[in-house]
Amino acid sequence: MSIDQRPAHAEDDDATALSLDRAHVFHSWSAQARLSPFVVAGGSGSHVWDHAGRRYLDFSSQLVNTNVGHQHPRVVAAIQEQAATLATVAPSTASLVRGRAAQKVLEHAPAGFSSVFFTNGGADAVENAIRMARLHTGRDKVVSTYRSYHGNTGAAVAATGDWRRVPNEYARGHVHVFGPYLYRTEFWATSPEQEGERALRHLERVIQAEGPETVAAILLETIPGTAGVLVPPPGYLAGAREIADRYGVLLILDEVMAGFGRSGAWLALDHFDVRPDLVAFAKGVNSGYVPAGGVMISAPIAATFDDRVFPGGLTYSGHPLAMAAIVATIEAMEDERIVEHAAAIGSDVLGPGLAELAERSPLVGEVRGLGVFWAVELVADRATREPVGADVMARVKAGCLARGLLPFLAENRVHVVPPCVVTADEAAEGLALLAEALAEAGPGAHVARG
Ligand SMILES: Cc1ncc(COP(=O)(O)O)c(C=O)c1O
């Protein structure tokens, strides 16, 4: 829908959207009484707009998912066509569109991956990858990092009463380690190599101390996203693979945020010399137009369940609308060379532009990332690296919105995560607006303006 074709209902306005929301909608991760959500009425490409027609450049991709941009016509048409043909079907059936979606996903998987288990989103993709790893190894612990986000599910199968609970009951569960993050190193490291080596030594020592025979999997976001776009140093992921092999542990990579173009590669793991056993994905696989996720399964793990029941399932596993959106999204990304475009935007516009911003703005402690996946770390003091407080972040957010830029903020960071289809001009414009907002929010700025 273009901005000129907004619906004509009298009550279709921002005030009504906001008052209905505040009256009846319970939001994620929020104290409800303090909310005043941003109203979105429509979108196209890298822009969204409200009911009054105010346009915003979407530097958030919503929750880092609209990789092909808003309302990609090919994906919208595929969903419409599928809805008219078969809107829903049980997961136990064979359906052409589900098979095609699995085939398209596997075309971009690492070598040796043979099948896909579809889920409703990222959290249940991770849940099912963990379930597969536990059943394949006969072990129960999962080692992951403190600086990570893997989703928000957990108790449903443990609460279940029937047989499906039994193979999923584990007395012990999760162990955490620190991953590499040189800017705020836990390892007194002074170079990326040192940070990577020491983080690997720490990972191996924790596995040894836990008892390797109890550890099913190492679970890592290939590039931790919400935690700050922490691109791992050279050798870290390959080293994690070596440790996993040494102790008969599986390696699960979570590509929910980093995958399907975000990093300027089909999967972020393509940047590194690493071979996972399982890959969790969601978000960019169909840009979130219909909720979907899944697990790419390597052949040895898939074989575990040839003659043994896999005790996991979802009513909407492989939902036709989500599958049609996956096929159309991946085909659009291939035909329009969207992944290559995202890589070029990173190396030609966002990378150099953010490096310049870091030089100019005293608020910026570090910028890091690749493709259309960047974090700008804001600090009160560049020497001590003390993070800025919530007051500064609130000013940055207000400054961005006032200029028509929709930012993604996490703790003391601005994540620069536009759609993969953002044009060079839009990317440059967004950086200029961000620079203005930072200048306004930065030290002394309000004093200077009186
Ligand atoms: C790396 C990663 N894994 C898993 C998830 C959970 O995905 P979902 O919110 O679709 O359940 C997220 C969500 O942001 C994520 O970034």
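Residues numbered from 1 in each chain as written. Predicted model: local features only at pLDDT ≥ 70, side-chain atom pairs only at ≥ 80, totals over all residues. Heavy atoms only, no water.

## Some remarks on the sheet that holds strand β1 (residues 42-44)
Here's step 1: On the basis of which strands lie adjacent, the open sheet formed by four strands has the order β1-β2-β3-β14 and mixed pairing. Lying at the two open borders of the sheet, with one neighbouring strand each, are β1 and β14 (405-406).
Here's step 2: Pairing geometry for strand β2 (residues 47-49) and strand β3 (residues 55-58), over three bridges, is antiparallel. Paired with Trp 49 across the strands is Arg 55, a residue of β3. (Pairing = 2+ DSSP bridges. Helix = DSSP H or I, 4+ residues; strand = E, 2+ residues; numbered from the N terminus.)

## As for the site of the ligand
Here's step 1: Around the ligand, the structure places Gly 121, Gly 122, Ala 123, Tyr 149, His 150, Gly 151, Glu 221, Asp 254, Val 256, Met 257 and Lys 283.
Here's step 2: In this structure, a nitrogen atom belonging to the ligand sits 3.3 Å away from a main-chain N or O atom of Tyr 149.
Here's step 3: A distance of 3.0 Å separates an oxygen atom of the ligand from a polar atom in the side chain of Lys 283.
Here's step 4: Across the complex, the protein chains shield 79% of the 390 Å² of accessible surface that the ligand would expose by itself.
Here's step 5: Split into classes, the residues belonging to the shell around the ligand amount to four nonpolar, four polar and three charged. (Near = heavy atom within 4 Å. Polar contact = N/O pair within 3.5 Å; in protein donor to acceptor, adjacent residues only side chain to side chain. Areas by Shrake-Rupley, 256 points an atom, 1.4 Å probe, with all protein chains shown as cover. Nonpolar A, V, L, I, M, F, W, Y, C, P; charged D, E, K, R; others polar.)

## Some details on the domain arrangement of the protein chain
Here's step 1: Taken domain by domain, the protein chain comprises domain 1 (10-71 + 337-449) and domain 2 (73-335).
Here's step 2: One C-alpha centre belongs to domain 1, the other to domain 2, and the line joining them spans 27 Å.
Here's step 3: The interface is formed by 38 residues belonging to domain 1 together with 38 residues belonging to domain 2.
Here's step 4: A combined buried area of about 2,900 Å² lies between domain 1 and domain 2, and 57% of that area is made up of carbon and sulfur atoms. (Domains from an automatic or database assignment. Contact = heavy atoms within 4.5 Å. Buried area = accessible area lost by both parts, 1.4 Å probe.)

## Some points on the sheet that holds strand β7 (residues 215-221)
Here's step 1: Pairing in this open sheet of seven strands is mixed, and the strands run β4-β10-β9-β8-β7-β5-β6 from one edge to the other. The sheet is open, and its two borders are formed by β4 (113-119) and β6 (174-177), each paired with just one other strand. Averaged over neighbouring strand pairs, the angle between their axes works out to 20 degrees when direction is ignored.
Here's step 2: Pairing analysis gives four bridges linking strand β5 (residues 141-145) to β6, with the strands arranged parallel. Counted as the bridge partner of Thr 145 is Val 177 from β6. (Axes fitted to C-alpha atoms, helices over the stretch in contact; angles between N-to-C directions.)

## A closer look at the nonpolar core
Here's step 1: Among the nonpolar cores identified, the biggest contains 103 residues, and Val 105, Leu 203, Phe 260, Met 296, Ile 326 and Leu 378 are the most heavily contacted of them.
Here's step 2: The element best represented in this core is helix α10 (residues 320-335), accounting for 10 residues.
Here's step 3: Within the second largest apolar cluster, 24 residues are counted, among which are Ala 125, Ile 130, Ala 217 and Phe 310. (Core = buried A, V, L, I, M, F, W, Y, C linked by side-chain atoms within 4.5 Å. Buried < 20%, exposed > 50% of the residue type's maximum accessible area, 1.4 Å probe, protein only.)

## Description of the pattern of salt bridges
Here's step 1: According to the stated counting rule, one finds 23 salt bridges in the structure shown.
Here's step 2: With a closest N to O distance of 2.7 Å, Lys 141 and Glu 210 form a salt bridge. Here Lys 141 is found in strand β5, whereas its partner Glu 210 is found in helix α7 (residues 192-210), with 69 residues between them in sequence.
Here's step 3: Within this structure, Arg 184, Glu 366, Arg 368 and Glu 377 form a network of salt bridges that share partners. (Salt bridge = Lys/Arg side-chain N within 4 Å of Asp/Glu carboxyl O.)

## Structural notes on helix α4 (residues 96-107)
Here's step 1: Between its terminal C-alpha atoms α4 stretches 17 Å, which fits the 16 Å expected from 12 residues at 1.5 Å a residue.
Here's step 2: Within the sequence span of α4, burial applies to Val 97, Arg 98, Ala 101, Ala 102, Lys 104 and Val 105. An end-on view of α4 places all buried positions within 165 degrees of arc, on one side of the element.
Here's step 3: On its buried face, α4 is in contact with α3 (73-85), β4, β9 (278-281), β10 (293-298) and α10. (Expected span 1.5 Å × (residues − 1). Arc of directions from axis to C-beta.)

## Overview of the environment of Phe 59
Here's step 1: Its location among the elements puts Phe 59 in the loop between β3 and α2 (61-64).
Here's step 2: For Phe 59, a relative accessible area of 2% puts it in the buried group.
Here's step 3: Distance in space between the C-alpha atoms of Phe 59 and Glu 426 is 9.6 Å, their sequence separation being 367 residues.
Here's step 4: Discounting chain neighbours no more than four positions away, the residues touching Phe 59 are Leu 405, Leu 406, Phe 408, His 415, Val 416, Val 417, Pro 418, Glu 426, Ala 427, Gly 430 and Leu 431.

## Let's talk about the pairing of β7
A regular strand places its side chains on the two faces of the sheet in alternate fashion.
Here's step 1: The element β7 is largely enclosed, with a buried count of seven among its seven residues.
Here's step 2: Here five bridges tie β7 to strand β8 (residues 250-254), and the two strands are oriented parallel to one another. In the strand pairing of β8, Leu 219 is matched with Ile 252.

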